[in-house]
Amino acid sequence: EHEDKSESLQNLEEFHISEEYGFVLPDPLTELPDYYAPWMNVAANLPHLIEGHQLRREVAKMPLLSTRYLRGHRQLRLARLALGFITMGYVWQGGGRQTVKILPRALAVPYCTISELLDLPPILVYADCVLANWKKRDPCGPLNAENLDILFSFPGGDSNKGFFLVSLLVEAAAAAGIKAIPIIVNAILHHGLCSLETALQDVALSICKMREAFKLIHEGVNPGAFFRSLRIYLSGWKDNFLMPEGLVYEGVWDSPKQFFGGSAAQSSTLQCFDVLLGIQHSAAQGFSAEYLGCMRDYMPAAHRAFIQTLASGPSLRQFVLATGDAGLHAAFNKCVSELAALRSYHMQIATKYITIPAGRCQAEQQQLGGCVHEGTSVLSERGTGGTGFMGFLKAIRDTTRKAQLTEQ
Ligand code: HEM
Ligand SMILES: Brc1ccc(-c2csc3nccn23)cc1
């Protein structure tokens, strides 16, 4: 059964994966039909409306629009992106101090209709604000930091752009590695050892380029702006003590519903490379393994299907071990060490942008009114089984390291 399942991997387009952009949505739309101006005007003005304490009033004035005039996948993705930003802004505009319990129907009804059509939860996810939240300044220009801009922002200034665009550039760097996956699967099925070794070298090079792209975070994101502002807006309403019940989606469901806040565990790229290399993150390291599984439900359905098809295919790890081929062995281990190095670098970033600012915040707390952050932050305790996000990231990095093939 491996044969037919893995054969289907040959056509990446069918999984909404692009040779050039990987899991990134190529050429996202930036405009909707004028009928949807009430959504687009609020979403485009979010930082100003939130800082001016106008957002709730603006949302109360919004008409209940029909989703019937939305045409095609890209219009649905753009509508979801706009409604997702407004929803996060609406819930967290008080910075987590005074939260809301009800999302008004003018937002909730279309947002849930569109989310149903796209098979995504009615909360902002990575596929919205990283994969579909971008445009080229010069459409014929390259995909690089100078020629890119984001479509929507939260308060936190240019750090929004830095955070979302650096993530986008890391995802774009992964495209070359994702493109090599069907070649790898084919080589396993047909014993093409030579093409397999070349494809594995392409994967290792791609992961190395992802780490290069990561370095742009230092000039693109300010730790204080990230920690105190942007991060709050990515918080969710599941396992969040500020919203113990979750959120009522008015006009959709009678009871409140809970959804996880944004996490890059929703990125298909890293989960894909983990599956390819046979890296299984278990609950053993004290973080909830099913959390990573849950996050697959927060990915576009086609990307989720690609990961599942890959996972049901032949094991690259077993194949390389069975050949006893030194070149394949080295090429496989290079992929694993590059992935571990990427995760180590990411841990340094998390320290600079969360642990250190959080420490300063605690210190301020001693002096002043302090800041509301524990539990409201998307990048913190949730989903980590209480070991905290650093324990979560370290466990994932250590499991990656252990996936090296040992000398025979
Ligand atoms: C200011 C920059 C960043 C900070 C503070 C940060 C912080 C974190 C934290 C705390 C987690 C664990 C909790 C969670 O999943 O939300 C996480 C997970 C993750 N982040 Fe980031 N991150 C940053 C930038 C990036 C970038 C640019 C990427 C590139 C795509 C990225 C990729 C990931 C991935 C893939 C995970 C899931 C865990 C894994 O598979 O290793 N992060 N990040
Ligand atoms: Br919603 C949303 C979900 C995930 C992210 C994100 C991009 S890179 C990264 N590391 C941790 C989270 N994260 C941003 C917004």
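Above this text sits the structure in question.
The text that follows walks through the structure, step by step, so that each part is easy to find. (Residues numbered from 1 in each chain as written. Chains lettered and ligands numbered in written order. Predicted model: local features only at pLDDT ≥ 70, side-chain atom pairs only at ≥ 80, totals over all residues. Heavy atoms only, no water.)

## Focus: the overall build of the protein chain
Broken down by element type, the protein chain carries 18 helices and four strands. Taken against the 2.2 N^0.38 rule, which gives 22 Å for 408 residues, the C-alpha radius of gyration of the protein chain at 22 Å falls within 12% of a compact globule. For the C-alpha atoms alone, the extent of the protein chain along its principal axes is close to 65 × 55 × 45 Å. Burial analysis of the protein chain (408 residues in total) assigns 56% to the buried set. Of the contacts made within the protein chain by residues no fewer than 6 positions apart, 80% connect residues no fewer than 24 positions apart. Of the charged side chains in the protein chain, 36 are positive and 39 negative; the average position of the first set lies 7 Å away from that of the second. (Helix = DSSP H or I, 4+ residues; strand = E, 2+ residues; numbered from the N terminus. Rg over C-alpha atoms; globule rule 2.2 N^0.38 Å. Buried < 20%, exposed > 50% of the residue type's maximum accessible area, 1.4 Å probe, protein only. Contact = heavy atoms within 4.5 Å. Lys, Arg positive; Asp, Glu negative; His and termini not counted. Charge placed at Lys NZ, Arg CZ, Asp CG, Glu CD.)

## Here's the deal with the packing of aromatic side chains
Enumeration according to the criterion identifies 17 aromatic pairs in this entry. Ring geometry for Phe163 and Phe164: centres 5.7 Å apart, planes at 45°, overall tilted. You can call Phe164 buried: its relative accessible area is 1%. Counting every residue linked through ring pairs, the aromatic cluster contains Phe85, Phe152, Phe154, Phe163, Phe164, Phe226, Tyr233 and Tyr353. Sitting above the plane of the Tyr90 ring, Arg56 keeps its charged end 5.6 Å from the centroid. Above the face of the Phe227 ring, Arg231 is positioned so that its terminal group lies 3.8 Å from the ring centre. (Phe/Tyr/Trp six-rings, centres within 6.5 Å; stacked < 30°, edge-to-face > 60°. Lys NZ or Arg CZ within 6 Å of the ring centre and 35° of its normal.)

## What to know about the nonpolar core
Core analysis: the biggest nonpolar cluster contains 136 residues, and Trp39, Phe154, Trp237 and Leu316 have the highest contact counts within it. Per element, the largest residue contribution to this core is 15 residues, and it comes from helix 17 (residues 326-367). (Core = buried A, V, L, I, M, F, W, Y, C linked by side-chain atoms within 4.5 Å.)

## Concerning the environment of Ile17
If you trace the backbone, Ile17 turns up in the loop between helix 1 (2-7) and helix 2 (37-44). Spatially, the C-alpha atoms of Ile17 and Arg360 are 42 Å apart, while their sequence positions differ by 343 residues. Beyond its immediate sequence surroundings of up to four residues, Ile17 is in contact with Leu12, Gly22, Phe23, Ile178, His303 and Phe306.

## Side note on the coordination of the iron atom of ligand 1
In this structure, the iron atom of ligand 1 receives exactly one donor atom from the protein: His346 (NE2), at 2.1 Å. Around the iron atom of ligand 1, the six donor atoms sit at angles spanning 87 to 178°, and that spread fits a shape best called octahedral. Note that His346 resides in helix 17. (Donors = N, O, S within 2.8 Å, 3.2 Å for Na, K, Ca; no water. Tetrahedral: all angles 85-135°; square planar, octahedral: opposite > 155°, others 65-115°.)

## As for the pattern of salt bridges
Enumeration over the complete set of coordinates arrives at eleven salt bridges. As a salt-bridge pair, Arg80 and Asp128 come within 2.7 Å of each other at their nearest N and O atoms. Highlighted residues: Arg80 in helix 5 (residues 72-92) and Asp128 in helix 7 (residues 126-129), separated in sequence by 48 residues. Assigned by exposure class, Arg80 and Asp128 land together as buried. Note that Arg211 is salt-bridged to Glu338, the shortest N-O span being 3.1 Å. You can see Arg211 sitting in helix 10 (residues 193-214) and its partner Glu338 sitting in helix 17, a full 127 residues away along the chain. On the basis of relative accessible area, Glu338 is assigned to the buried category, the value being 7%. Bridged by salt links that share partners, the residues Arg211, Lys334 and Glu338 form one connected network. (Salt bridge = Lys/Arg side-chain N within 4 Å of Asp/Glu carboxyl O.)

## Let's talk about the packing of helix 10 against helix 13 (residues 268-276)
Between helix 10 and helix 13, whose axes approach to 13 Å, the crossing angle comes to 150°. The interaxial crossing formed by helix 10 with helix 13 has left-handed handedness. Residue-level inspection shows Val203, Ile207 and Met210 of helix 10 in contact with helix 13, the latter providing Thr269, Leu270, Phe273 and Leu276. Split by residue class, the contact of helix 10 with helix 13 holds six nonpolar, one polar and no charged. (Axes fitted to C-alpha atoms, helices over the stretch in contact; angles between N-to-C directions. Left-handed = near helix turned anticlockwise from the far one by under 90°. Nonpolar A, V, L, I, M, F, W, Y, C, P; charged D, E, K, R; others polar.)

## Section: the state of the cysteines
The tally for this structure, following the rule as stated, stands at zero disulfides. In this model Cys208 remains outside any disulfide bridge; the closest cysteine sulfur is found in Cys335, 11 Å from its own. Note on Cys294: no disulfide assigned, nearest cysteine sulfur contributed by Cys112 at a separation of 19 Å. Residue classification places Cys294 among the partly exposed residues on the basis of a relative accessible area of 29%. (Disulfide = S-S within 2.5 Å.)

## Side note on helix 12 (residues 223-233)
For the α-helix, the turn length of 3.6 residues means that residues three or four positions removed from each other point alike. Within helix 12, nine of the eleven residues are buried, which leaves the element mostly enclosed by the surrounding structure. Those residues of helix 12 that sit buried are Gly224, Ala225, Phe226, Phe227, Ser229, Leu230, Arg231, Ile232 and Tyr233. N-capping of helix 12 is provided by Asn222, with a side-chain oxygen placed 2.9 Å from the backbone N of Gly224. (Polar contact = N/O pair within 3.5 Å; in protein donor to acceptor, adjacent residues only side chain to side chain.)

## Quick notes on helix 18 (residues 388-401)
Relative to the 20 Å expected for 14 residues at 1.5 Å per residue, helix 18 spans 20 Å between its end C-alpha atoms, a close match to the ideal helical length. Among the 14 residues that make up helix 18, ten are buried, leaving the element largely enclosed by the rest of the structure. Residues Gly388, Phe389, Phe392, Leu393, Ala395, Ile396, Arg397, Asp398, Thr399 and Thr400 constitute the buried set of helix 18. (Expected span 1.5 Å × (residues − 1).)

## Some words on the environment of Arg97
Residue placement: Arg97 occurs in the loop between helix 5 and strand 1 (102-103). In the structure, Arg97 is positioned 293 residues away from Met390 in sequence and 25 Å away in space, judged by C-alpha atoms.

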